[in-house]
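# Observations on the model geometry
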Amino acid sequence: MPGPETWWRDTEALHRYVVDLVHDELTRLRPGALPPARPWDSALGLVDSTGLACDSLELLNLASAVAEAVQMHRAGVEDYLLARRTIGDWVDIVAAGLERFSDELTFRTSGTTAEPTARLHELVRLAQEIEELAPLFPGRLRILSAAPAHHIYGFLFSILLPQRLAAPVVDIRARSPTSVGAMLRDGDLVIGHPAFWTAYVRAGVSTTSDVIGVTSTGPCPADVASAVTERGVTRLVEIYGSSETAGLAVREHPEAAFRLFSYWSRGHDDSTLARTLSDGSVAAAAAPDHLAWCDDRCFRVEGRRDHAVQVGGVNVSPELVARRLREHPMVRDAAVRLMRPEEGARLKAFIVPVEAPQDVVTLRRDLAAWCDAKLSVPERPKAFNLGPEIPRGALGKPADWSVFAETEPGEEAAGG
């Protein structure tokens, strides 16, 4: 099986990577519609009406996203993407490009926290992380992945790590937690995220097999992490990092501090980190969050610098969603927050209409339809609280009170 330096020679891994990249970009281009369900066959057409049915502008955007991700301009083969029209063709072109240049890959930060930005990562640094991770997972015979392969977390754990461990990958994103539980066996490594593990616990899944779990992309609630191991998962390993830095630290108990990987160290102040590269040089990096240091190697996370929250394993900015809602012609002001645990696991919007609505139910329905067309799935609020101003509690957070509702205060109509 190929190693990190030639990861693309694993044709199954490369196919999964390209499909996830194209699927994600097409979802951005068509916020009100979902692309065809994966897996995608190599023969799937990009422009055929029976395939993805991309128009010329969409095809250009998809080609640009793929070319950026693998730095195809460094290999000089990017123009072939517009000349070839199947997913299999694009996988072959990407492979040809990576044979010529593979030193760096681009991963994009989430566009739901701010404008998405491209972050360039050297393959040698990603390989350094894999050498740090591999000893944490001895005896793993199979990787079950709920992470997209083109995100840095998914790339590390569903492409590079499986190659290092010589373990096949099973994509479990289209499976229910109960179905995943039924297929678990000794030697499995399950690559999840907080939303996945929350659903796993809620479904009552348990196992007696030797299974190790991994979670990342955001904080995993302590009660969820504890419940996962109580239900039989041998260990739940939490990886802390970001799209900008890749992995930084690890812990195996929800109440424990994170421990830096061996090549990372505390920087000159509490907001910086230093990475020792394989050649002995040192590079500085900004800490993704506010960190409270226990000592020079261990820390606790005290809140995100960008105030993002997790919805379905995706980092979402409530303020960015509120700004988008203010673009609606019937909305004068808006505020957004994450639902409380008893409300659900999505966003809740507080809306000040331009004028008092005659029909609250219809306005909520219109807002939901507008969100379906304008926002990605994690960004779409699932409840709308309407009033003449944004009601706030003592701490300044949006409060649950709706003077326009026909129901009792606090009762909400779902939407989105």
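Rules used in this analysis
Counting starts from 1 at the beginning of each chain's written sequence and moves along it residue by residue. Only residues with pLDDT of at least 70 get local features here, since the model is predicted, and only at 80 or more are side-chain atom pairs given and counted; chain-wide, interface and lining totals rely on the full set of residues. The basis for every side-chain value is the complete set of heavy atoms in the structure, and neither hydrogens nor water enter the calculation. Relative accessible area decides the class of each residue, using a 1.4 Å probe on protein chains only: under 20% of the type maximum gives buried, over 50% gives exposed, and in between gives partly exposed. Labels follow the DSSP assignment, with helices taken as runs of H or I lasting at least four residues and strands as runs of E lasting at least two, numbered in each case from the N terminus. Two strands qualify as a pair provided DSSP detects at least 2 bridges between them. Note on definitions: salt bridges are taken to be side-chain nitrogens of Lys or Arg within 4 Å of carboxyl oxygens of Asp or Glu. To obtain each axis, a line is fitted to C-alpha atoms, and for helices this fit is confined to the stretch in contact; angles are then taken between N-to-C directions over 0 to 180 degrees. As used in this record, nonpolar core signifies buried Ala, Val, Leu, Ile, Met, Phe, Trp, Tyr and Cys residues forming a set joined through side-chain atoms within 4.5 Å. Two residues qualify as a contact provided that any one of their heavy atoms is within 4.5 Å of a heavy atom in the partner residue. Helix span is expected to be 1.5 Å times the residue number reduced by one. In protein, a polar contact means a hydrogen-donor-capable atom and an acceptor-capable atom, both N or O and within 3.5 Å, with residues adjacent in sequence counting only if both atoms are side-chain atoms; elsewhere, any N or O pair within 3.5 Å suffices.

Our focus in this paragraph is the pairing of strand β7 (residues 235-242). Side-chain positions along a regular strand alternate between the two faces of the sheet. Within β7, six of the eight residues are buried, leaving the element largely enclosed by the surrounding structure. In the sheet, strand β6 (residues 211-215) pairs with β7 via four bridges, with the strands oriented parallel. Residue pairing across strands places Thr 215 opposite Glu 238, the latter belonging to β7. Here β7 runs beside strand β8 (residues 246-251); their pairing, made up of five bridges, is antiparallel. Bridge pairing links Tyr 240 to Ala 249 in β8. Connecting β7 to the antiparallel partner β8 that follows it, the hairpin turn spans three residues.

Looking now at the pattern of salt bridges. Under the definition given, this model contains 24 salt bridges. Note that Glu 68 and Arg 108 form a salt bridge whose closest N and O atoms lie 2.8 Å from each other. With Glu 68 in helix α2 (residues 56-69) and Arg 108 in strand β1 (residues 104-108), the pair connects residues that are 40 residues apart, well separated along the chain. Taken together, the shared-partner salt bridges in this structure form one network comprising Asp 20, Arg 38, Asp 171 and Arg 173.

Our next topic: the environment of Gly 187. One can find Gly 187 in the loop between α7 (177-183) and β5 (188-191). Of the residues examined, Gly 187 reaches a relative accessible area of 4% and is grouped as buried. On a C-alpha basis, the gap between Gly 187 and Ile 212 in space is 7.9 Å, while along the polypeptide they are 25 residues apart.

Once that is clear, we can look at the pairing of β1. Counting buried residues in β1 gives four out of five residues, a clear majority hidden from the surface. Relative to strand β2 (residues 118-122), β1 is paired through five bridges, and the arrangement is antiparallel. Each residue of the ladder has a partner; that of Glu 104, found in β2, is Glu 122.

A sheet is described by the order of its strands in space; here three strands give the open sequence β10-β11-β12, paired in antiparallel fashion. With partners counted over all chains shown, the strands left at the sheet margins are β10 (264-266) and β12 (282-286), one partner each. The sheet shows a mean angle of 30° between the axes of neighbouring strands, taken without regard to direction. Where strand β11 (residues 272-276) meets β12, five bridges bridge the pair, whose relative direction is antiparallel. Following the sheet pairing, Arg 275 is matched in β12 by Ala 283.

Once that is clear, we can look at the nonpolar core. In terms of nonpolar packing, the biggest core is built from 78 residues, with Trp 7, Leu 14, Tyr 17, Trp 90, Phe 137 and Phe 157 touching the most fellow members. With nine residues, the single largest contributor to this core is helix α6 (residues 152-165). Each residue touching Leu 14, except ones within four places of it in the same chain, is listed here: Trp 7, Trp 8, Val 91, Val 94, Ala 95 and Leu 98. Counting residues in hydrophobic clusters, the runner-up holds 21 residues, among them Ala 322, Leu 325, Val 336 and Ile 351.

The end-to-end C-alpha distance of α2 is 20 Å, a good match for the 20 Å that 14 residues give at a rise of 1.5 Å each. Glu 58, Leu 59, Leu 62, Ala 63, Ala 65, Val 66, Ala 67 and Ala 69 are the residues of α2 that are buried. Buried residues in α2 make contact with α1 (11-29), α3 (80-83), α4 (87-100) and β1. The opening residue of α2 is Asp 55, an N-cap whose side-chain oxygen sits 3.2 Å from the backbone nitrogen of Leu 57. Gln 71 occupies a position one or two residues after α2 and carries a positive phi of about 55°.

Moving on to the environment of Asn 385. Its place among the elements puts Asn 385 in strand β19 (residues 383-386). Under the relative-accessibility criterion, Asn 385 is labelled buried at 1%. Between the alpha carbons of Asn 385 and Ile 351 there is a distance of 6.0 Å; along the sequence they are 34 residues apart.

If you trace the backbone, Asp 289 turns up in strand β13 (residues 289-293). Take Asp 289: its relative accessible area is 6%, and that puts it in the buried class. In this structure the side chain of Asp 289 is engaged in a polar contact, spanning 2.6 Å, whose partner is the side chain of Tyr 240.

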